[in-house]
Amino acid sequence: MYHQPVLKHRRTLLERAEKFISDVYFTDCNLRGRLYGDSCPLESLTSFLSPKRIPFDDASKQNFAPYKVGDTFGPTWWTCWFKVTLTIPESWRGKEVHLLWESDGEAMVWRDGQPVQGLTKEGEKTSYILSDCLKDKEPHSVTLYVEMACNGLFGAGQGSMIAAPDPNRKFSVQRAELVVINRNVRELLTDFEMLVDIVKELGEGEQRGYQALFTVNEMVNLCDPADPSSFSKAHSMARKFFSQRNGESQHTVHAMGHCHIDSAWLWPYEETIRKCGRSWVTVISLMERNPEFVFTCSQAQQFQWVKSWYPGLFSKIQHYVKKGQFIPVGGTWVEMDGNLPSGESMVRQFLEGQHFFNQEFGMYCKEFWLPDTFGYSAQLPQIMQGCGISNFLTQKLSWNLVNTFPHNTFFWEGLDGSKVLTHFPPGNSYEMKGKIEDLVKTVKNNKDKGRANHSAALFGFGDGGGGPTQLMLDRLRLIQDTDGLPRVQMSSPEKLFSQLQADSALLCTWTGELFLELHNGTYTTQAQIKRENRQCETLLHDVEIASSLAFSRDRVFQYPQEKLRQLWRLLLLNQFHDVIPGSCIGMVVEDALKYYEEIRRDGAVLLRQACEALGSKGSSVGVFNSLPWERHEVIQITDGSDKLALVKAPSVGVSPVKDTQPVTPVSVTLQSDGTVVMENGILQTVINKDGTLASLRLIGANREAISDGCGGNQFVIFDDVPLYWDAWDVMDYHLQTRKPILDVVQPVHVVSSGGLRGSVGFTLRISGKSTVTQEIVMDAMCPYLKFNTKVQWAESHKFLKVEFPVRVRSPNATYEIQFGHLQRPTHWNTSWDWARFEVWGHKWADLSEHNFGIALLNDCKYGYSIHKNTMTLSLLRAPKAPDPTADMGTHQFTYAVMPHTRSFQDASVIQCAYNLNFPLRLIQCSPDSVPWSAFSVSTESIILETIKQAEAGNGTLVVRLYESYGSSVKATLHTALPVREAWHCDLLERRDPTQPAHMTSEGIILSFKPFQIVTLLLIL
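The rules behind the values
Residues numbered from 1 in each chain as written. Predicted model: local features only at pLDDT ≥ 70, side-chain atom pairs only at ≥ 80, totals over all residues. Heavy atoms only, no water. Helix = DSSP H or I, 4+ residues; strand = E, 2+ residues; numbered from the N terminus. Rg over C-alpha atoms; globule rule 2.2 N^0.38 Å. Buried < 20%, exposed > 50% of the residue type's maximum accessible area, 1.4 Å probe, protein only. Contact = heavy atoms within 4.5 Å. Areas by Shrake-Rupley, 256 points an atom, 1.4 Å probe, with all protein chains shown as cover. Lys, Arg positive; Asp, Glu negative; His and termini not counted. Charge placed at Lys NZ, Arg CZ, Asp CG, Glu CD. Phe/Tyr/Trp six-rings, centres within 6.5 Å; stacked < 30°, edge-to-face > 60°. Pairing = 2+ DSSP bridges. Core = buried A, V, L, I, M, F, W, Y, C linked by side-chain atoms within 4.5 Å. Axes fitted to C-alpha atoms, helices over the stretch in contact; angles between N-to-C directions. Disulfide = S-S within 2.5 Å. Salt bridge = Lys/Arg side-chain N within 4 Å of Asp/Glu carboxyl O. Parallel < 35°, antiparallel > 145°, perpendicular 65-115°, else oblique. Nonpolar A, V, L, I, M, F, W, Y, C, P; charged D, E, K, R; others polar. Arc of directions from axis to C-beta. Polar contact = N/O pair within 3.5 Å; in protein donor to acceptor, adjacent residues only side chain to side chain. Expected span 1.5 Å × (residues − 1). Left-handed = near helix turned anticlockwise from the far one by under 90°. Patch = residues over 30% accessible without salt bridge, like charges linked within 9 Å, V, L, I, M, F, W, Y side chains within 5 Å.

**Q** An account of the overall build of the protein is needed here, citing residue identities and associated values.
**A** The helix and strand tally for the protein stands at 18 helices and 56 strands. Its C-alpha radius of gyration of 32 Å places the protein within 12% of the 31 Å reference for a compact globule of 1020 residues. Considering only C-alpha atoms, the protein reaches an extent of 105 × 60 × 60 Å along its principal axes. Looking at the protein as a whole, 63% of its 1020 residues qualify as buried. Restricting the contact set of the protein to residue pairs at least 6 apart, pairs at least 24 apart contribute 74%. Carbon and sulfur atoms make up 49% of the accessible area of the protein, which amounts to about 37000 Å² in all. For the protein, the distance from the average site of its 100 positive side-chain charges to the average site of its 112 negative ones is 1 Å.

**Q** Explain the packing of aromatic side chains residue by residue, including any values.
**A** Overall, the coordinates contain 51 aromatic pairs when judged by the stated rule. Taken together, a centroid distance of 6.3 Å and an interplanar angle of 85° make the contact between F154 and W265 edge-to-face. Residue F154 is found in the loop between strand 10 (141-149) and strand 11 (171-181), and its partner W265 is found in the loop between strand 12 (252-258) and helix 6 (269-289); the two are separated by 111 residues along the sequence. Given the relative accessible area of 6%, W265 is considered buried. Centroid distance Y724 to W725: 4.9 Å. Interplanar angle 80°. Geometry classified as edge-to-face. Judged by relative accessible area, W725 falls into the buried class, the value being 18%. Of the aromatic side chains, those joined through ring pairs into one cluster are W280, F293, F295, F303, F314, F326, W333, F356, F357, F361 and F459.

**Q** Give a detailed account of the sheet that holds strand 37 (residues 798-805), specifying residues and quantitative values.
**A** Paired through their backbone hydrogen bonds, the strands of a sheet run either parallel or antiparallel. Spatial ordering of the open sheet is given by 32-31-37-44-43-40, a layout of six strands whose pairing is antiparallel. Bordering the open sheet on either side are strand 32 (739-740) and strand 40 (839-840), each of which pairs with just one other strand.

**Q** Describe the nonpolar core, with residues and values.
**A** The nonpolar side chains of soluble globular proteins are, as a tendency, buried together. If you look at the biggest cluster of nonpolar residues, it comprises 269 residues, and the most contacted ones within it are W280, F326 and F935. Per-element accounting of this core gives the leading share, eleven residues, to helix 14 (residues 527-553). L86, V109, A176 and V180 belong to the second-largest nonpolar core, a separate cluster that totals 30 residues.

**Q** So what about the pairing of strand 33 (residues 743-755)? Which residues, and what values?
**A** Sheet topology note: the strand 26 (residues 666-670)/strand 33 ladder contains two bridges and is antiparallel. Considered in strand 33, the bridge of V666 is made with G755. The pairing of strand 33 with strand 34 (residues 757-765) spans eight bridges and is classified as antiparallel. Bridge pairing in strand 34 links D743 to R765. What sits between the antiparallel neighbours strand 33 and strand 34 is a turn of one residue.

**Q** Give a detailed account of the sheet that holds strand 53 (residues 991-996), specifying residues and quantitative values.
**A** Sheet architecture is open: five strands sit in the order 49-50-56-52-53, paired in antiparallel fashion. With one partner strand each, in any of the chains shown, strand 49 (942-949) and strand 53 form the two edges of the open sheet. Adjacent strand axes in the sheet meet at a mean angle of 35° when their direction is disregarded. Inspection of the sheet shows strand 52 (residues 981-985) paired to strand 56 (residues 1013-1019) by five bridges, in the antiparallel sense. Within the sheet, the bridge partner assigned to A982 lies in strand 56 and is L1018.

**Q** Describe the state of the cysteines, naming the residues involved and giving the relevant values.
**A** Following the criterion strictly, the structure yields zero disulfides and no others. C150 carries a free sulfur, and the closest cysteine sulfur to it, the one in C80, is 6.4 Å from it. Not part of a disulfide, C536 finds its nearest cysteine sulfur in C860, a span of 12 Å. Judged by its relative accessible area of 1%, C536 is buried.

**Q** So what's going on with the pairing of strand 8 (residues 114-119)? Residues and values would help.
**A** Note: strand 7 (residues 106-111) against strand 8, five bridges, orientation antiparallel. When the bridges of strand 8 are listed, V109 appears paired with Q117. Joining the antiparallel neighbours strand 7 and strand 8 is a turn of two residues, in which D112 adopts a positive phi near 55°.

**Q** Can you tell me about the pattern of salt bridges, naming the residues and giving the values?
**A** This model, assessed by the stated rule, comprises 56 salt bridges. Across the pair R53 and E271 runs a salt bridge whose closest N-O atoms are separated by 2.7 Å. On the criterion of sequence distance, the pair formed by R53 in the loop between strand 2 (44-50) and helix 2 (56-59) and E271 in helix 6 is long-range, its members being 218 residues apart. With respect to burial, R53 and E271 carry one shared label: buried.

**Q** Could you give an account of the side chain of T956, naming the residues involved and the relevant values?
**A** Secondary-structure assignment places T956 in strand 50 (residues 956-963). For T956, the contacting residues outside a window of four places in its chain are K948, Q949, A950, L1017, L1018 and I1019.

**Q** Let's hear about the side chain of Q905: which residues, and what values?
**A** Position of Q905 relative to the elements: it lies in the loop between strand 45 (889-901) and helix 18 (909-917). On the accessibility criterion, Q905 (16% relative accessible area) is buried. Residues contacting Q905, with those up to four places away along its chain left out, are H821 and Y965.

**Q** If you had to explain the environment of P740 to someone new, which residues and values would you point to?
**A** With respect to the helices and strands, P740 occurs in strand 32. Expressed as a C-alpha distance, the spacing of P740 and E803, which sit 63 residues apart in the sequence, is 9.6 Å. Every residue in contact with P740, bar those within four places of it in the chain, is listed here: Q714, F715 and V716.

**Q** Give a description of the packing of helix 8 (residues 311-322) against helix 9 (residues 343-361) that names residues and reports values.
**A** Two elements in contact, helix 8 and helix 9, have axes separated by 10 Å at closest approach and are oriented at 90°. If you check the angle between helix 8 and helix 9, you find them roughly perpendicular. Judged by residue contacts, F314, I317, Q318 and V321 of helix 8 engage F356, E360 and F361 from helix 9. Among the residues making up the contact of helix 8 with helix 9, the classes are represented as five nonpolar, one polar and one charged.

**Q** Describe helix 1 (residues 10-20), with residues and values.
**A** Among all positions of helix 1, only R10, L13, L14, A17 and F20 are buried. Buried positions in helix 1, seen along its axis, are confined to an arc of 125° and lie on one side of it.

**Q** Mind laying out the environment of E335, listing which residues take part and the relevant values?
**A** For E335, the location among the structural elements is in the loop between strand 14 (326-328) and helix 9. Residue classification places E335 among the buried positions, given a relative accessible area of 0%. Sequence separation of E335 and S263 is 72 residues, and the distance between their C-alpha atoms is 8.3 Å. Ignoring anything within four residues of it in the chain, the contact list for E335 reads H260, S298, Q299, W369, L370, P371, T373, F576 and H577. In this structure the side chain of E335 is engaged in a polar contact, spanning 2.5 Å, whose partner is the side chain of S298.

**Q** Run through helix 9, naming residues and quoting values.
**A** Here helix 9 spans 27 Å end to end across 19 residues, near enough to the 27 Å set by a 1.5 Å rise per residue. Where burial is concerned, most of helix 9 is hidden: 16 out of the 19 residues are buried.

**Q** Which residues make up unusual backbone geometry, and what values go with them?
**A** The step from G74 to P75 runs through a cis peptide bond, and the omega angle for that step is 5°. Along the chain, the position of P75 falls in the loop between strand 4 (72-73) and strand 5 (79-87). A cis amide bond links A881 with the next residue in sequence, P882, at an omega value of 5°. You can see P882 is positioned in the loop between strand 44 (870-877) and strand 45. Unusually for a residue other than glycine, D887 sits at a positive phi of about 70°.

**Q** If you had to explain the packing of helix 9 against helix 15 (residues 561-573) to someone new, which residues and values would you point to?
**A** Helix-helix packing is characterised by the crossing angle of the two axes and by the distance between the axes. Their axes nearest at 10 Å, the elements helix 9 and helix 15 cross at an angle of 110°. By the angle between their axes, helix 9 is roughly perpendicular relative to helix 15. Of the two elements, helix 9 crosses helix 15, and the hand of that crossing is left-handed. Contacts between helix 9 and helix 15 involve E344, S345, R348, Q349, E352 and H355 on the former and, on the latter, R565, W568, R569, L571 and L572. Here the contact of helix 9 with helix 15 is built from residues that sort into three nonpolar, three polar and five charged.

**Q** Could you give an account of a nonpolar patch on the surface, naming the residues involved and the relevant values?
**A** Where nonpolar side chains cluster on the molecular surface, the patch consists of M161, L723, Y724 and Y733 and spans about 390 Å² of accessible area. Among the structural elements, M161 can be located in the loop between strand 10 and strand 11.

Structure (C-alpha cells):
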C-alpha cells in the first residue's frame, strides 16, 4: 500500500482518528460500527412490578406478564423484575455471546438463584457475558432474572442530580437482545482510544504526542473495518508504540480498583444494599477473568449488609480476600463524617469496623480510607494510631474553594503529636477510568515532585456504585510501561504506603486539622439529625457507665453487650458523611430519625434497668451522675410535683436527692422600663424587652461581658443561597446580607421569679412564617446563663444565627473538638484565615484574653463563627436540595453563655459544657442509701470519658480517659470497684503485655501528655 506524505495538520489527523472510533459519526463505515456481530431476539421477556425490595426467592415465584421493550414502568423506588428466556443460535459456535441490556435503571442479573452481574448504563455496564467462546457442551437455552431498581446510579433527581427525587419518574428497557461481540474489534478500539487520548493529553509541545498522532493515523490507513484480516497489522503497530519503555526515573502509578458507595445519599439505605450487591458481584466476575485485578473496599457496614442479603456473594468475597485481590480498607463501620461525631463515636467506628474485618476476614486494616468527607479532625491521627493504623488516604481537600492544599504525600501530625503517613491521590479523584487523562493529571498535579515518586490511582465508577469495568482494566494493561507516560502497576494500599514510607525522608509535615474550605453549611443543615446524634451519644455513654457500675456491684446483672452493639451500630451508621451532615434526601432523613428513635427507646429501657440495679429499688428519688466530678446543680423532680431541688451528686455515682440551699438565691427584678435584672451571686444580667442582653456581669470580678452599645443574644438572619451545593454550602457573601431580628411578638416577661431558678420568656417574629420563643434561665450556683429556645421555622434559603458581641480582644478563639480543643484565628489576615469564616466545634467555644473570657456552650449545635469580638452560634438553615423540606418545622435547643476569669481551663468551661450536655438522671433509691462514687480523678484536666464492658467480656471493664487542657500531667484514677489488675491497652482493647498500669492503695497512677487518650483494661 502506497501513502503520500501527510501534511503535519494536527487537527485533521486527530479528528480523523476520533471519527474512526466514534459511536455517533460514520458508524456505517468506521470501526465502532463493527463491534457487534450478529444479533438475536430473546425467546421471551416477562416482568413483575413490586413496590418493595424483595428477595430473589420471593420474586421468582410471582406471576410475570409479557413485557415489550420500550414500555415504561415505575414509579421511582419500585422494582421491576424481568424473567428472560433465551436460546443461543447453534451457528454462533466459537463466538463470544452477550446479553445486551440497556435501561435507565440499575439492574442485577440472577442466574441459578445467584446474583452474577450488575448492569447500569451510567456505569458503562450494558452486557452480561453468556459465553467467551460458545462450545457445544455449554447450555444454549438459559433462563435469567433481571432485578431492576427504578432509580439511576445517582437516584432520581428532578431536573438536576442533587434536586429532590422525582417520585413519579417512569423507567424502561431500551434494548434487550443477544449479540455476538467481536473481541478483536474491542481490543483495537482500545488501542485507538488510548493513542487518541495520548495525542490530546500530551499536547502539541511533546514529541511523544506527535508520535502517537502519526501512529494512529497510519493505523487508520491500515485498518479496513470491513476486512477483519487487516486488524492485526493495525494492532501490531499499536503494540509497537505501547511497548516502547520508560526511563527508570519515571513516576509510578499504583492502580487500584475502587467503588465508592455512599451508604445513603440521593437514595435510601436499603437501596445501598443492592448497590453493594450489584457492584461487588461485578467485581468478583472481573477477578475471575483478570487474576491480577486488585480492588479496595471500605465500610464494614456494607460488608455486613452483603453478608445478610447475598451470602453466596459474601463467601466469594471471603475467598478473594484470602487471595489478596479483594482488599478491605478503612477499618471503620462506615466512612463517617470527619468533624461532627464525638471522640468516642470515632473510636467506636474503628472498634466496630476492625472487629468485623478481623472476625470475617482474619485481618485488621492498616490504612484509614476516607476519600469523600468534609474535613478531618486534628484528633484523627491519634485515634488511627490507637487502632493500629498508620496510613491515611483521602482526596477531598482538592475541593477547597479558596486555597490549594500544598501536598499530596506528607505526614499529618495530630493534636497530641501523633503522625500518620498521608496520601492524597494527585488525580484528585476516587473514580478514575484508567484513561490517559487520569495518568497525566496524576503526574502533573503531584505537589511533592522530587519527594514522592509513587501515587495512587483509584479507578471505577463511584458515589452511586458501579465500580471498575473490563475496559478500564484493558486500558491500564496496555500502558503499564509506555514511554511518555508514568509507569502503571496494579497495586494495593500496602504496596503503595510501603513504597511511600521507604522514600519518606524528604516528606513535609502538616500539623493540625485538615479543614475543607467548602461544605461548611453541613455543620448546621438538618438540625434534628444533629440534635439526635448528640443526645444519642450522651444516652449510650450513660447506659454503658450505669450498666458497668450495676455489673460491678451485682454480678447477677447482665451487661447488655449485644444490644448496645446494635444501638452503637445504628448510631455509627447515621454518622455516615452524607447523613449527619444533612446532605441527603428526605427519605434518608426519615430512616435516620427512625434509627435514632430506636436508640432512644431501647437505650432508655437499658438505662432504667441499670439504674434500678444501682438504686436498690427504693421509693425515694435519687440521681445518677455519669461525669467524673461532683456536681451541685438545680434539677426538676418529675414525681408529679415538678418541684426544683438543688442537689449534690458524687463523681460517677449515685446519691439520694437531699435538697440543699444555695449560698445566694436567684433574684429576678422587673424594672420600670420593662427590662429584667437577674442575678445569682455569680452572674448579673440585664435583659431588654426584645430578649437581648443589655449587660452580663461577672460579679466577683466586676467585669462586663457585653460590648458597649451592643446587645448579647441578638438573633440575626442571612440570605443563604450557595452557588450549587445547597444543603452543603454556605458562601462567604452571605455575611453581607445580615439582618437583626427586631420584631417583638411578646416582650420579656418573668416566668420563674427566683429562688433556685429565675427565668424570663419572650417571642420574636422572624418572618410571616417563622418565630423564635425563648426562656432565659439562671440557676442558683450556676456559672452560665442558659437560653432554652424553640423555633417555628418555615423559611427558604435563610440562615439563622445568634450573636454575642463581647468585651474581649484576642487574635484566636478556642473550639472543642474530639478529645480536646484547638485554636482558630478571629481575624481574616490571609486567605487561609478568611476561608474559615464558618467553622465547626462541639460542646463549647471560648474567646479569652488574659484573665478574662467568654464561653459559648450548646447542647446540639456544631457551626460557629468568631470574628473579632463577636461570637456567633449557627442555629438553622433552610436549603431546598436534596431535601426540599429540610429543617422545616419545630426546633428545640439550648445554648449558654459563660463569662469567666482566668483561663477557660481553670474556669472549668470544659466541665460546664459536659454538665449542660449530660443531665443528672433521676433514679429510684431507698431513703437510707448513702452517696456512692465509683470513680473519680485527682486532676481536673483529665476527663474520664468512657466506662464500658470489654468486647471480650470476662468481667473486664474498659475505661478511657483523655487530657483536656493541653498539659503534661500525672493523675490518679480512684475507684471503689474491686479491681484486681489494670493494664494499658489500645483503642481496639488489645492489652499491651509490657504495660501493666501502676496500681497503688490510692488508685491507678497515670501519666498524660497534652491531649493524650489513655485506655485501660480493669480486671475485676
